[in-house]
Number of protein chains: 2
Amino acid sequence: MAKHDPGLDHIFTALGDPTRRAILARLAQGPASVTDLAAPFDMALPSFMGHLKRLEAAGLVASHKDGRVRTCALQPQALGPAADWIAEQRAIWEARLDRLDAFVLSLAKEQKE
Amino acid sequence: MAKHDPGLDHIFTALGDPTRRAILARLAQGPASVTDLAAPFDMALPSFMGHLKRLEAAGLVASHKDGRVRTCALQPQALGPAADWIAEQRAIWEARLDRLDAFVLSLAKEQKE
DNA sequence: GAGTTACTTAGGCACATGGCTAAGCATGAC
DNA sequence: GTCATGCTTAGCCATGTGCCTAAGTAACTC
């Protein structure tokens with residue numbers, strides 16, 4: 001069993017909100033200002049900023065302020081541990097299925113002899 | 001921008017808790033009873049059951065009761081949409097990087113001529 | 001049948017979350 | 001310098017979350 005990784009907590013939790021996923025999807029296409037990011041959402045700006053803060057805390061987004069404009073950018077490498085974790089569970093599961101297949105095949109082989 | 005998928009909310013949110021991730025990792029190795037699953041955690045059983053309920057609601061786990069024993073099993077296909085979503089954002093990002101590379105190369109080529 | 005085991009239900013609590021409004025600060029445009 | 005723009009801070013609220021204890025139901029063992 002893998003050790004507890006608080007980074008994974010933050011990442012998956014961040015991905016569990018539709019607004020935040022939409023933000024990430026937009027940023028995958030390129031950096032954007034807070035105003036541009038917030039435009040499609042009928043939400044008060046402080047609330048929207050809260051979402052951005054969550055994404056930054058998770059390491060999924062980085063932002064810098066140039067004058068009065070804050071520009072946000074996706075940190076795609078931060079998605080790696082999440083993808084890896086999922087892939088790992090599926091690999092373990094697949095390996096288990098393969099072992100099951102082999103077992104069934106060996107049974108069938110024995111019965112043939 | 002992809003449409004809102006409440007299933008993804010539940011899946012990612014479920015993955016955002018270390019206890020629930022540990023449960024899934026254990027179930028990737030094979031089905032297990034509630035008692036076996038709960039053993040490694042210093043937690044009251046009703047609280048633990050709450051985690052299982054969350055995983056079932058997300059479609060990540062299925063359980064059935066045989067007599068007084070409830071056995072839980074991983075539903076690995078439910079991890080597919082989450083993995084796909086992450087892969088999709090990374091693909092968009094990679095494609096963007098490729099376009100950037102091509103642009104820089106074309107600039108360098110023009111400067112050479 | 002009595003006692004044990006494996007859940008299940010119910011209620012409570014402290015804290016977190018996802019929103020809101022109001023007000024403020026800093027930068028930019030004219 | 002004035003006004004507009006783009007955030008930022010502060011406080012609030014209803015609901016949700018992750019735990020707890022207590023009590024209950026059903027199945028199992030002897």
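That block above? That's the structure.
Treat the numbers as computed from the prediction; the structure is a model and nothing was measured. Residue positions are counted from 1 within each chain, in the order its sequence is given. Both sets of labels track the order of writing: A upward for chains, 1 upward for ligands. Reporting of local features is limited, given that this is a predicted model, to residues whose pLDDT is at least 70; pairs of side-chain atoms are given and counted only at 80 or more, and all residues count toward the totals for whole chains, interfaces and linings. To obtain the side-chain values, all non-hydrogen atoms of the structure were used and water was disregarded.

(A) Representation of the pattern of salt bridges. Criterion for a salt bridge: a side-chain nitrogen of Lys or Arg within 4 Å of a carboxyl oxygen of Asp or Glu. Taken as a whole, this structure holds two salt bridges over all chains when the rule is applied. Where D9 of chain A meets R21 of chain B, a salt bridge forms, and the shortest distance between an N and an O atom there is 2.8 Å. Of this pair, D9 of chain A sits in helix 1 (residues 6-15) while R21 of chain B sits in helix 2 (residues 18-28), placing the two residues on different chains. Relative accessible area serves as the criterion here: at 5%, R21 of chain B is assigned to the buried category. By the criteria applied, helices consist of DSSP H or I runs no shorter than four residues and strands consist of E runs no shorter than two, each listed in order from the N terminus. The rule is simple: take the accessible area with a 1.4 Å probe, protein chains only, and divide by the maximum for that residue type; under 20% is buried, over 50% is exposed, in between is partly exposed.

(B) Fine view of the packing of helix 2 of chain B against helix 4 (residues 45-57) of chain B. All names here are of chain B. The N-to-C vectors of helix 2 and helix 4 enclose an angle of 70°; their axes lie 10 Å apart at closest approach. Compared by their axis directions, helix 2 and helix 4 come out roughly perpendicular. In the packing of helix 2 onto helix 4, the handedness of the crossing is right-handed. Here helix 2 contributes T19, R20, I23 and L24 to the contact with helix 4, which in turn contributes F48, H51, L52, R54 and L55. Charged residues are taken to be Asp, Glu, Lys and Arg, nonpolar residues to be Ala, Val, Leu, Ile, Met, Phe, Trp, Tyr, Cys and Pro, and polar residues to be all remaining types, Gly included. Partitioned by chemical class, the residues of the contact of helix 2 with helix 4 number five nonpolar, two polar and two charged. Axes here mean lines fitted to C-alpha atoms, for a helix over just the part in contact, with angles spanning 0 to 180 degrees between N-to-C directions. An angle below 35 degrees is read as roughly parallel, one above 145 as roughly antiparallel, one from 65 to 115 as roughly perpendicular, and any other as oblique. Left-handed describes a crossing whose near helix is turned anticlockwise from the far helix by less than a right angle; the clockwise case is right-handed. Here, residues are in contact when the closest pair of their heavy atoms is within 4.5 Å.

(C) Summary view of the protein's contact with DNA strand C. For each residue, the test is whether any non-hydrogen atom lies within 4 Å of the molecule or strand; if one does, the residue is near. Within the structure, DNA strand C sits among 20 residues, and A44, S47 and H51 of chain A together with T35 and R70 of chain B are positioned closest to it. The sugar-phosphate portion of DNA strand C accounts for 69% of its atoms within 4 Å of the protein, the bases making up the rest. Within the side chain of R54 of chain A, one N or O atom sits 3.2 Å away from a phosphate oxygen of DNA strand C. Broken down by secondary-structure element, the contributors of at least two residues to the surface near DNA strand C are helix 4 (45-57) of chain A together with helix 3 (34-38), helix 4 and strand 3 (69-74) of chain B. Looking at the surface near DNA strand C, its residues break down into eight nonpolar, four polar and eight charged. For the purposes of these results, a polar contact is taken to be a pair of N or O atoms within 3.5 Å, where, inside protein, one atom must be able to donate a hydrogen and its partner to accept one; residues adjacent in sequence count only when each atom of the pair is a side-chain atom.

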